[in-house]
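Architecture at a glance
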Amino acid sequence: MPHPPLLAHLRRLLLLPCSSVVPVAAAPSPACRLSPRAMTSTVAAQAGGAVAATEYEDVLGRLSSLITQKVRAHSGNRGNQWDLMAHYLQILELEEPIARMKVIHVAGTKGKGSTCTFTESILRSCGFSTGLFTSPHLMDVRERFRLNGVDISEEKFLKYFWWCWNKLKEKTDDDIPMPTYFRFLALLAFKIFSAEQVDVAVLEVGLGGKFDATNVVEAPVVCGISSLGYDHMEILGNTLGEIAGEKAGIFKKEVLAYTAPQPEEAMISLKQRALELGVSLQVANPLEPHQLKDQHLGLHGEHQYVNAGLAVALASTWLKKQGHLDRIPLNQTGSLPDEFISGLSNASLQGRAQIVTDSQENSEEEDKDCSLVFYLDGAHSPESMDICVRWFSHVTKDDRRVPSSMVQSQSCGNSQKILLFNCMSVRDPLRLLPHLVDTSTQNGVHFDLALFVPNQSQYNKLGSNSSAPAEPEKIDLSWQLSLQRVWEKLLHGDKGMSDTNSSETSQVFESLPLAVEWLRTKARQNRSTSFQVLVTGSLHLVGDVLRLLKKR
């Protein structure tokens, strides 16, 4: 089955002003009769759409073939060896185009994607053509490549993909293997942004900094470090100092760098690296609400003021370095220029403090009032988990922060808070779940039920819509059961739980679609109750939920 965006594309191609398929017993009306020429055009359009869909699925399959099963830190994974990147750049003739590119480079643990999104939106609002490379994607790989604020078109994506793929396939061998998945995507981003001749390329580091695929940029205009915390410790190190040192790997000699406020241990490491390279490292203060002139940030959550502050510093420096002194803020504490405010208020990024109401089958208005609302945030570190729960507590207590179409009706006397959770096996649930429980308690949030599910995307190749294994015995739920045990122990202490995968306070589902359908059934059967579902622990899980909701 085609990928959801492809399905929509096929429908647009295949649907005629009046149906071209009629029952055998019924003759088409005169308005629906097609001339031979029109019928030929229709068939050609249908065939063209099918070919495009098939080609796109073929491309996604080839991308999937680059995903290695080895952990990213595995020293024997030659496709991940840093020195190979130089060979790939030579093969793709990208050295000169990258050298000419006006790059803003951002690393960090939390908020780097949001910072990049704010930065790009500001500069686009100032009238510049922009390229934005972020990761991961939630529903379609093309989300990683934005041109002027819009995901790259399928046509352009295919064009640049084949250009890179064919050149690399021709020149790689056993000694220089094909690049692994993320490195190929980074190379593709460089090709896209250089070919499209964007004024500014905003690049989010994928992992770490020093050995990240984006770090082939030797002379960025400015670098940024978003909030640091404990994540990918098996690769980056076990202390904040070690992690900060890896992130500071994007610093370049005498290139100005900004950082969000950091814990002392991390700041010491950043300053040390900056000193070694002669880098002027400055702390970007969080934005103050009054600087927005009564506007709101496009990305929700109090923590976004930290990311916005860093974005303002990065965008201002880029403008200054390009000679646009008339565009930058007059000072750090006064109101921002209108273009900055517009960029910050119109920024959008799925899966971060996002609220989505589930459309119910019954279209009657009263049935929509009390239903099912998903609060999605891809938090996957202890610090981001704290921020996520505080946001959830705030928006479920204060309807003013929820879009008017989602505001709980006054007739909804009851509400139930449900956690829908999964995290990758490289994460430590003993670090994540205690933070979630403690912050919930501190903020007056009580979860009536926790649901643990495998990510749907773990069963799929990139872009495939295949379902989870049909037979329950083929589904490995050992990780979800271990998450449930941690949860139950946090709630009930050493009493533990029974050997079943269900209790009064938690359940394990064999697949995400089953869990979502169970929630929908529960909502339909309890119209007087508002079900508020926090989806967190993994951006992959958030993407899978969004994909399911958009099928409706």
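Let me sum up the structure you'll find in this document.

Structural notes on the packing of helix α9 (residues 240–247) against helix α10 (residues 264–277)
- At a minimum axis distance of 8 Å, the contact between α9 and α10 shows a crossing angle of 40°. On the basis of the axis angle, α9 is oblique to α10. In terms of crossing hand, the pair formed by α9 and α10 is right-handed. Residues L240, G241, A244 and G245 of α9 pack against E265, A266, S269 and L270 of α10.
- Taken together, the residues of the contact of α9 with α10 break down into four nonpolar, three polar and one charged.

Description of the sheet that holds strand β14 (residues 529–536)
- Reading across the sheet, the six strands line up as β9-β10-β14-β11-β12-β13 and stay open at both edges, with mixed pairing between neighbours. Each edge of the sheet is formed by a strand with only one pairing partner; in this case those strands are β9 (354–357) and β13 (506–508). Looking at each pair of strands side by side, their axes are set apart by 20° on average, direction ignored.
- When strand β12 (residues 449–452) meets β13, the two strands line up parallel, connected through three bridges. Across the sheet, L451 pairs through a bridge with Q507, a residue of β13.

Considerations on helix α5 (residues 112–125)
- With 14 residues, α5 should cover 20 Å at 1.5 Å per step; its first-to-last C-alpha distance of 20 Å lies within 8% of that length.
- Across the 14 residues of α5, 12 count as buried, placing the element largely inside the fold.
- Turning to α5, its buried residues number three or more, namely K112, G113, S114, T115, C116, T117, F118, T119, E120, S121, I122 and L123.
- Buried-residue contacts for α5 involve β1 (103–107), β2 (130–133), β3 (145–147), β5 (200–204), α11 (304–321) and α12 (338–346).
- Phi turns positive, to about 100°, at G127, one or two residues after α5.

Some words on the nonpolar core
- L63, F145, F157, F184 and F193 are the most contacted members of the largest nonpolar core, which totals 46 residues.
- At the level of secondary structure, the elements contributing two or more residues to this core comprise α2 (36–64), α3 (84–91), β3, α6 (154–171), α7 (181–195) and β5.
- Looking at which element gives the most residues to this core, the answer is α7, with 10 residues.
- Non-local contacts of F145, meaning those with residues more than four positions away in its chain, are made with L132, F133, V150, D151, I152, F157, L185, L188, A189 and I192.

Things to note about the pattern of salt bridges
- Applying the stated criterion across every chain, the model contains 11 salt bridges.
- Measuring nitrogen to oxygen at the nearest pair gives 3.5 Å for the salt bridge that ties D140 to R142.
- Take D140: its relative accessible area is 5%, and that puts it in the buried class.
- Judged by its relative accessible area of 14%, R142 is buried.
- For R273, the salt bridge goes to E276, with nearest N and O atoms at 3.0 Å. Of this pair, R273 and E276 both sit in helix α10, three residues apart, which is roughly one turn of that helix.
- Looking at E276, the relative accessible area reads 52%, which means it is exposed.

Section: unusual backbone geometry
- A cis geometry characterises the amide bond from S135 onward to P136, with omega recorded as -10°.
- Relative to the elements of secondary structure, P136 occurs in the loop between β2 and β3.
- Even without being a glycine, E93 presents a positive backbone phi close to 55°.
- Relative to the helices and strands, E93 resides in the loop between α3 and α4 (95–100).

Cut-offs and rules
Residues numbered from 1 in each chain as written. Predicted model: local features only at pLDDT ≥ 70, side-chain atom pairs only at ≥ 80, totals over all residues. Heavy atoms only, no water. Axes fitted to C-alpha atoms, helices over the stretch in contact; angles between N-to-C directions. Helix = DSSP H or I, 4+ residues; strand = E, 2+ residues; numbered from the N terminus. Parallel < 35°, antiparallel > 145°, perpendicular 65-115°, else oblique. Left-handed = near helix turned anticlockwise from the far one by under 90°. Contact = heavy atoms within 4.5 Å. Nonpolar A, V, L, I, M, F, W, Y, C, P; charged D, E, K, R; others polar. Pairing = 2+ DSSP bridges. Expected span 1.5 Å × (residues − 1). Buried < 20%, exposed > 50% of the residue type's maximum accessible area, 1.4 Å probe, protein only. Core = buried A, V, L, I, M, F, W, Y, C linked by side-chain atoms within 4.5 Å. Salt bridge = Lys/Arg side-chain N within 4 Å of Asp/Glu carboxyl O.

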